[in-house]
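Letter by letter, the chains look like this.
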Amino acid sequence: MKSAVETLNPTRVRLTVEVPFEELKDSLDAAYKKINQQVTVKGFRKGKVPARVIDQRFGRGAVLEEAVNDALPKFYTDAVNEAELNPLGQPEVDITELKDGETLNFTAEVDIRPTIEIPDYSGIEVEVDAVEVTEEDVDKAVEELRERFASTAPVERAAEDGDVVTIDLEAKVDGEVLEDGIANGVSYTIGSGELLDGVDAAVTGLSADQEATFASELKGGSAAGKEAEVTVKVTQVAKRELPELDDEFAQLASEFDTLEELRADSRKRLENMKEYDQATQAQERVLDKLLELVEVPVPEKLLEDEINTRKHNLEHHQLGQMGLDLEKYLEIQGKTAEEFDTETREAAVKGIKTQFVLDQLVNQEKHNVNQEELTEHLMRRAASSGMSPDQFAQAVVEGGQVPLLVGEVARGKALAAVVEKAVVKDTNGEIVDLEDEEEDETAEAPAADAEEAPAEADDADAKADDAKADKAEEKTEG
């Protein structure tokens, strides 16, 4: 076999392959054997029909077609390996010449991973928000905790904002009560926005045993997305009562004996959160600076697949779970379809460039992944998916996704190494020391892996128990 490579552009090549006919022998034998098992010829036992009879009865062309289809993947792979290419996706193959007994010639066009030159990145400088926790921040955190321990007491008056009402609901579409449109004894906090649009205005001012009717678009159920006439009846009005902010509350809501200790702990937690946000911000901005330094051509087919994957995951997974379609989502976001397409394309480009650059750094700096790092990453991904570690690990192995997870961990280590060499200052001009942050945060690949189509829907935005590490992963997706 002889092969040659023609570079069409920085991310696409054409392979020209010439195969001597004798190299098709094994595939021809396999083709005759396969056809033998599929046909019946009078006078011959099944599977024992001679090759010359198959040629006469079914045509030599059918045998050649079967043999070539069987042999092409091997010849293509051999040509790719000989040229030391890194193909992306499936090739477009064209058989240019097939002469029985003489030769098989074909071409294969395929996208390849571009060659990337990464310059010295040790001079990267970024600015991040300073870590500042005010008394107002602490007050807000304690008040939110206080809200969680609120109690309710029935009152004999009209419902007000913040009250907890018990209500019965009945929804009609086109004058007909829906089978799944009745709900009784629903507890609802006025102003929470957790039920249908319009319910807050409808129940405010109603006392027990009073009702009102309002129009609203249904968010779920058999008539999701349709306009419904909803009747709401208040059966009880209850006032929320907050506990006093004192030492007794601290003992009720925490492991601390005094309110002062509780406030100190709240301050520390807020500081930790802001330090993590600061580290994540540093990671994002260092990555952006790194991408600015590197020229990264993006294969159009890979970009198209990535955009389609992102749109599919949004429409059929994330929005579907919320009972929304893309049109309604864009309306809520205040975006046009053109703006959405532009943002999706930009995010896809950044995701692909991020993976190419970090993969190049992995190879260049020889970042290896050990079993402990892979296990820790698997545990975080399992938590974010809502699966147990054993279930997630089994799904990963069965889906052949272990190399993808290894790649995620390696890219995370590569990005961490770049951040370590960067100069990070806060808005006060102070140097930020990120050494105390976890160094095993991993950078997740783009939604569509650059070497093969994704076997998972976007994994995508669920909260992990180790939220810190998972958030860092999400940031490198672009």
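The name given to the protein in an unreviewed UniProt entry is Trigger factor, with the source organism recorded as Streptomyces hirsutus. Recorded in UniProt under Sequence similarities (unreviewed entry), the annotation for the protein is "Belongs to the FKBP-type PPIase family. Tig subfamily." Here the protein is described in UniProt, under the heading Catalytic activity (unreviewed entry), as follows: "[protein]-peptidylproline (omega=180) = [protein]-peptidylproline (omega=0)".

A. Examining the overall build of the protein more closely. For the protein, the helix and strand inventory stands at 14 helices and eleven strands. Against the compact-globule benchmark of 23 Å for 478 residues, the protein has a radius of gyration of 32 Å, which places it well outside the compact range. Taken across its 478 residues, the protein has 38% of its residues classed as buried. When the accessible area of the protein is evaluated, it comes to approximately 27000 Å², of which 45% is carbon and sulfur surface.

B. Just the pairing of strand β8 (residues 176-189), in detail. Two elements, strand β7 (residues 164-173) and β8, share eight bridges in a ladder whose sense is antiparallel. Within the sheet, the bridge partner assigned to Glu170 lies in β8 and is Ile182. Counted between consecutive antiparallel strands, the loop separating β7 from β8 contains two residues, among which Asp174 sits at a positive phi close to 55 degrees.

C. A look at helix α1 (residues 25-38). For α1, which comprises 14 residues, the first-to-last C-alpha distance of 20 Å matches the rise-based estimate of 20 Å (1.5 Å per residue) to within 8%. Turning to α1, its buried residues number three or more, namely Ser27, Leu28, Ala31, Tyr32, Ile35 and Asn36. Buried residues belonging to α1 abut α2 (51-58) and α3 (60-83).

D. Expanded view of helix α11 (residues 371-385). Given a rise of 1.5 Å per residue, 15 residues ought to cover 21 Å, and the 21 Å separating the end C-alpha atoms of α11 matches this to within 8%. Of all the positions in α11, only Glu373, Leu374, His377, Leu378, Arg380, Arg381, Ala382 and Ser384 are classed as buried. For α11, the capping residue at the N-terminal end is Asn370, with a side-chain oxygen 3.2 Å from the backbone nitrogen of Glu372. Phi turns positive, to about 80 degrees, at Gly386, one or two residues after α11.

E. Quick look at the packing of α1 against α3. In the contact formed by α1 and α3, the axes pass within 8 Å of each other and the chain directions differ by 120 degrees. Here α1 lies oblique to α3, going by the angle between them. Note that α1 runs across α3; the crossing there is right-handed. Across the interface between the two elements, Ser27, Leu28, Ala31, Tyr32, Lys34 and Ile35 from α1 touch Arg60, Ala62, Val63, Leu64, Glu66, Ala67, Asp70 and Ala71 from α3. A breakdown of the residues in the contact of α1 with α3 according to their chemical character gives nine nonpolar, one polar and four charged.

F. Representation of the UniProt feature "domain: PPIase FKBP-type" (unreviewed entry) in the protein within the structure. Per the UniProt entry, the sites bearing "domain: PPIase FKBP-type" (unreviewed entry) are residues 157-214 in this numbering. The straight-line gap between the two end C-alpha atoms of residues 157-214 is 22 Å; of that span, 9% is helix and 48% is strand.

G. Representation of the packing of aromatic side chains within the structure. Per the counting criterion, the structure on display carries one aromatic pair. Ring geometry for Phe149 against Phe249: centres 6.2 Å apart, planes inclined by 90 degrees, an arrangement best described as edge-to-face. Of the two residues, Phe149 sits in the loop between α4 (135-148) and β6 (151-154) while Phe249 sits in helix α6 (residues 247-253), which places them 100 residues apart along the sequence. The exposure class of Phe149 is partly exposed, given its relative accessible area of 30%.

H. The arrangement of the nonpolar core in detail. If you look at the biggest cluster of nonpolar residues, it comprises 35 residues, and the most contacted ones within it are Ile124, Leu290, Val357 and Leu361. Among the secondary structure elements, those contributing two or more residues to this core are β5 (125-128), α7 (259-293), α8 (300-322), α10 (337-365) and α13 (402-421). Among the elements that line this core, the one with the most residues is α10, at seven residues. Ranked by size, the runner-up nonpolar core spans 31 residues in total, among them Val13, Leu15, Tyr32 and Leu85.

I. Geometry of a negative patch on the surface. Taken together, the side chains of Asp197, Glu217, Glu227, Glu315, Asp325 and Glu327 make up a negatively charged region of the molecular surface. The residue Asp325 is located in the loop between α8 and α9 (326-333) in this model.

J. Representation of a nonpolar patch on the surface in the model. Taken together, the side chains of Val93, Ile95 and Leu98 define a hydrophobic patch exposed on the protein surface, amounting to about 210 Å² of accessible area. Counting through the fold element by element, Val93 comes out in strand β3 (residues 87-99). Overall, Val93 belongs to the partly exposed group, its relative accessible area being 41%.

K. Structural context of the UniProt feature "domain: Trigger factor C-terminal" (unreviewed entry) in the protein. As annotated by UniProt and renumbered to match this structure, "domain: Trigger factor C-terminal" (unreviewed entry) occupies residues 258-420. Across residues 258-420, helical content stands at 85% and strand content at 0%; the span's end C-alpha atoms are separated by 40 Å.

Each value, and the rule that gives it
Residues numbered from 1 in each chain as written. Predicted model: local features only at pLDDT ≥ 70, side-chain atom pairs only at ≥ 80, totals over all residues. Heavy atoms only, no water. UniProt positions renumbered as here; feature names shortened; annotations may be inferred. Helix = DSSP H or I, 4+ residues; strand = E, 2+ residues; numbered from the N terminus. Rg over C-alpha atoms; globule rule 2.2 N^0.38 Å. Buried < 20%, exposed > 50% of the residue type's maximum accessible area, 1.4 Å probe, protein only. Areas by Shrake-Rupley, 256 points an atom, 1.4 Å probe, with all protein chains shown as cover. Pairing = 2+ DSSP bridges. Expected span 1.5 Å × (residues − 1). Contact = heavy atoms within 4.5 Å. Polar contact = N/O pair within 3.5 Å; in protein donor to acceptor, adjacent residues only side chain to side chain. Axes fitted to C-alpha atoms, helices over the stretch in contact; angles between N-to-C directions. Parallel < 35°, antiparallel > 145°, perpendicular 65-115°, else oblique. Left-handed = near helix turned anticlockwise from the far one by under 90°. Nonpolar A, V, L, I, M, F, W, Y, C, P; charged D, E, K, R; others polar. Phe/Tyr/Trp six-rings, centres within 6.5 Å; stacked < 30°, edge-to-face > 60°. Core = buried A, V, L, I, M, F, W, Y, C linked by side-chain atoms within 4.5 Å. Patch = residues over 30% accessible without salt bridge, like charges linked within 9 Å, V, L, I, M, F, W, Y side chains within 5 Å. Salt bridge = Lys/Arg side-chain N within 4 Å of Asp/Glu carboxyl O. Lys, Arg positive; Asp, Glu negative; His and termini not counted. Charge placed at Lys NZ, Arg CZ, Asp CG, Glu CD.

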